[in-house]
Amino acid sequence: MASLREIKGRIGSTKKMSQITSAMHMVSNSKLRRAEENTKKFQPYMDKIQEAVQAIASGDNTSSHPMLRERPVKRTGYVIITSDSGLAGPYNANIMKEITRLISERHNDNPESYDLFVIGRMGYEFLENQGYSITNHRIGLEDQPDFSSVKEIAQQSVAQFANEDVDELYIIYNKFINVLEQKVDTRQLLPLSESAVMANETQASNLSTYEFEPDKESILETILPQYAESLVYGALLDAKASEHAARMTAMKAATDNAKELVDDLSLQYNRARQAAITQEITEIVGGASALE
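What you see is a predicted model; the values in this text were computed from it and never measured.

Draft legend 1. Geometry of the overall build of the protein chain. Within the protein chain, the secondary structure is distributed over 7 helices and 5 strands. When the helices and strands of the protein chain are listed from N to C terminus, the series reads α-β-α-β-α-β-α-β-β-α-α-α. For 292 residues, the compact-globule estimate of 2.2 N^0.38 gives 19 Å, and the C-alpha radius of gyration of the protein chain, at 28 Å, exceeds that figure by more than 25%. Counting only C-alpha atoms and orienting by the principal axes, one finds that the protein chain spans roughly 115 × 40 × 25 Å. In the protein chain, which comprises 292 residues, the share counted as buried stands at 40%. Summarising the internal contacts of the protein chain: among those between residues at least 6 apart in sequence, 77% fall at separations of at least 24. Surface exposure of the protein chain reaches about 16,100 Å², of which carbon and sulfur atoms provide 49%. Computed over 31 positive and 42 negative side-chain charges, the inter-centroid distance for the protein chain is 8 Å.

Here it is in structure tokens:
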């Protein structure tokens, strides 16, 4: 049985750990609210640029833009969004499990058939240590990132498709459902599917009467890369909200577990202390009896 000093030391260290996890829970809660606000602020831009793409593409089914055309798949690109730090429950593990599964099933672990664009230190270090070939990466993101922080990797991944270095491009991230639920989402970015571009035919028909200058093909040449890059940034904002929610939930669970452990240790300490006092009284009484 542990000594009273050992039990008391464990109680003290557990209480300090509980204070740390409780503080991290409150910090993550604050960051989550800001992340949700950023996502809401970005949504109007996404809606407008999607409306513009819909309006242009709706009246022209013969567009030859490479981002709208499917081609035989020889090489696939993946944009992977993870966090720069841990203590977020299964947030990063689920992403790593999904990308390794896809590489194993779809590419037979052949590095010549895929490109990896990794955002986040946890994903980058894991994939690098496992020997996967990484085309580009971005680490050290802020908790509330702006587009400039991922502009380079977003532009490169889209350019890889435009230059036909990859024939399809996917993004893998944790989609924010609610505070308690985040789901791994694997979304096709390129080529832009008809269902994605024409998600709202009513809005598209309302804008289809607009005239475009100089011509639709020239506008698509400019707007489609921006649209694809905005999808990456929108997914990043969603992933950041998921990260803060996952860390908040993990720290709340850690705090609750620490409090339960303190209660158990306190009970164990009181029992041990009571046993020690009883033993001392017994020895005193026994010694007094021997003197008589």
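Draft legend 2. Looking closely at the packing of aromatic side chains. Summed over all chains, the structure comprises 4 aromatic pairs. Look at Phe 42 and Tyr 233: their rings are 5.0 Å apart centre to centre, the planes differ by 90°, and that puts the pair in the edge-to-face class. Placement of Phe 42 in helix 1 (residues 4–58) and of Tyr 233 in helix 7 (residues 216–291) is noted, with a sequence separation of 191 residues between them. For Tyr 233, a relative accessible area of 11% corresponds to the buried category.

Draft legend 3. View of the packing of helix 2 (residues 91–107) against helix 3 (residues 121–129). Where helix 2 meets helix 3, the axes come as close as 10 Å, and the angle between the chain directions of the two elements is 45°. As far as their axial angle goes, helix 3 and helix 2 are oblique. The handedness of the crossing between helix 2 and helix 3 comes out as right-handed. Mapping the contact onto sequence places Asn 92, Met 96, Ile 99 and Thr 100 in helix 2 and Met 122, Gly 123, Phe 126 and Leu 127 in helix 3.

Draft legend 4. Spotlight on the sheet that holds strand 4 (residues 168–178). What the 5 strands build is an open sheet, ordered 3-2-1-4-5; its pairing is mixed. Sheet topology places strand 3 (136–138) and strand 5 (181–190) at the edges, where each strand pairs with a single neighbour. Direction aside, the axes of adjacent strands within the sheet are offset by 20° on average. One ladder, built from 9 bridges, connects strand 4 with strand 5; its direction is antiparallel. Along strand 5, the bridge assignment pairs Lys 175 with Lys 183. Along the sheet, helix 2 contacts strand 1 (76–81), strand 2 (114–119), strand 4 and strand 5; its crossing angle with strand 1, the most-contacted strand, is approximately 170°. Packing against the sheet, helix 4 (residues 151–162) makes contact with strand 1, strand 2, strand 3, strand 4 and strand 5, and its axis sits at approximately 165° to strand 2.

Draft legend 5. Looking closely at the pairing of strand 1. Along strand 1, 6 of the 6 residues are buried, which leaves the element largely enclosed by surrounding structure. On strand 1, burial covers both faces: Thr 76, Tyr 78 and Ile 80 on one face and Gly 77, Val 79 and Ile 81 on the other are all buried. Regarding topology, helix 2 serves as the crossover connection from strand 1 to the parallel strand 2, and that connection is right-handed. Where strand 1 lies against strand 4, 5 bridges are found, and the strand directions are parallel. Within the sheet, the bridge partner assigned to Thr 76 lies in strand 4 and is Glu 168.

Draft legend 6. Expanded view of a nonpolar patch on the surface. On the surface, a cluster of nonpolar side chains totalling about 250 Å² of accessible area is made up of Ile 277, Ile 281 and Val 285. Its location among the elements puts Ile 281 in helix 7. For Ile 281, a relative accessible area of 48% gives the class partly exposed.

Draft legend 7. Representation of unusual backbone geometry within the structure. A cis amide bond links Leu 190 to the next residue, Pro 191, at an omega of -5°. Following the sequence through the fold, Pro 191 ends up in the loop between strand 5 and helix 5 (194–197). Positive phi, close to 60°, is recorded for Asp 109, a residue that is not glycine. Mapping Asp 109 onto the fold places it in the loop between helix 2 and strand 2. Of note in this structure, Glu 164 is not a glycine but carries a positive phi near 65°. One can find Glu 164 in the loop between helix 4 and strand 4.

What counts, and at which threshold
Residues numbered from 1 in each chain as written. Predicted model: local features only at pLDDT ≥ 70, side-chain atom pairs only at ≥ 80, totals over all residues. Heavy atoms only, no water. Helix = DSSP H or I, 4+ residues; strand = E, 2+ residues; numbered from the N terminus. Rg over C-alpha atoms; globule rule 2.2 N^0.38 Å. Buried < 20%, exposed > 50% of the residue type's maximum accessible area, 1.4 Å probe, protein only. Contact = heavy atoms within 4.5 Å. Areas by Shrake-Rupley, 256 points an atom, 1.4 Å probe, with all protein chains shown as cover. Lys, Arg positive; Asp, Glu negative; His and termini not counted. Charge placed at Lys NZ, Arg CZ, Asp CG, Glu CD. Phe/Tyr/Trp six-rings, centres within 6.5 Å; stacked < 30°, edge-to-face > 60°. Axes fitted to C-alpha atoms, helices over the stretch in contact; angles between N-to-C directions. Parallel < 35°, antiparallel > 145°, perpendicular 65-115°, else oblique. Left-handed = near helix turned anticlockwise from the far one by under 90°. Pairing = 2+ DSSP bridges. Right-handed = clockwise from strand over helix to strand, strands pointing away. Patch = residues over 30% accessible without salt bridge, like charges linked within 9 Å, V, L, I, M, F, W, Y side chains within 5 Å. Salt bridge = Lys/Arg side-chain N within 4 Å of Asp/Glu carboxyl O.

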